[in-house]
Amino acid sequence: MPLVKMIRGGQVTFPKVFRDKFGLKEGDLMEYEIREDGIFFKPKQVIDRGGALKTFSRAIAKIQARSGNKFKNLSEEELYGLIEEAVESVDKPKSKRR
């Protein structure tokens, strides 16, 4: 297991093998969780709420257009499936992060 050294200000550098494996780049955000046996770090991606809402609205509009009049007669399960599809379209990154 690679070792890391803490420097001033509590900074540590993740080994290259970790950065490569998880696609980490300078400026990426990490979420951490303190556990009994150590600290767990997880890469996180932040999205712009305004942009996400616009993308979500466009996805819902596409679903409505595809469904036509049937959209009004969908079951709750079918509606949730369509909403899940729209949410997944928002989650997909459009370009690589920096």
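See above for the structure.
I will try to describe carefully the structure that is included in this document.

Rules used throughout
- Residues numbered from 1 in each chain as written.
- Predicted model: local features only at pLDDT ≥ 70, side-chain atom pairs only at ≥ 80, totals over all residues.
- Heavy atoms only, no water.
- Helix = DSSP H or I, 4+ residues; strand = E, 2+ residues; numbered from the N terminus.
- Buried < 20%, exposed > 50% of the residue type's maximum accessible area, 1.4 Å probe, protein only.
- Areas by Shrake-Rupley, 256 points an atom, 1.4 Å probe, with all protein chains shown as cover.
- Phe/Tyr/Trp six-rings, centres within 6.5 Å; stacked < 30°, edge-to-face > 60°.
- Salt bridge = Lys/Arg side-chain N within 4 Å of Asp/Glu carboxyl O.

**Observations regarding the overall build of the protein chain**
Next up, step 1: For the protein chain, the count of helices and strands is three helices and two strands.
Next up, step 2: Overall, the protein chain shows an N-to-C arrangement of helices and strands of α-β-β-α-α.
Next up, step 3: Within the span of the protein chain, comprising 98 residues, buried residues form 12% of the whole.
Next up, step 4: For the protein chain, the exposed surface amounts to about 9,100 Å²; the carbon and sulfur share of it is 55%.

**So, the packing of aromatic side chains**
Next up, step 1: Taken as a whole and judged by the stated rule, the model has two aromatic pairs.
Next up, step 2: Between the aromatic rings of F14 and F41, the centroid separation amounts to 5.5 Å while the plane-to-plane angle is 85°, which identifies the pairing as edge-to-face. Highlighted residues: F14 in the segment before helix 1 (16-22) and F41 in strand 2 (residues 38-44), separated in sequence by 27 residues.
Next up, step 3: For F41, a relative accessible area of 36% gives the class partly exposed.

**Here's the deal with the pattern of salt bridges**
Next up, step 1: Using the criterion set out here, one finds three salt bridges in the structure.
Next up, step 2: With a closest N to O distance of 2.8 Å, K16 and D20 form a salt bridge. On the criterion of helical spacing, the pair formed by K16 and D20 is a turn pair, its members being four residues apart in helix 1.
Next up, step 3: The exposed category is assigned to D20, whose relative accessible area is 52%.
Next up, step 4: Residue K44 pairs with E31 through a salt bridge whose shortest N-O separation is 3.9 Å. With a gap of 13 residues between them, K44 in strand 2 and E31 in strand 1 (residues 29-35) connect regions that are remote in the sequence.
Next up, step 5: Overall, the relative accessible area of 34% leaves K44 in the partly exposed class.
Next up, step 6: A residue is classified by how much of its surface remains accessible, and E31, at 39% relative accessible area, is partly exposed.

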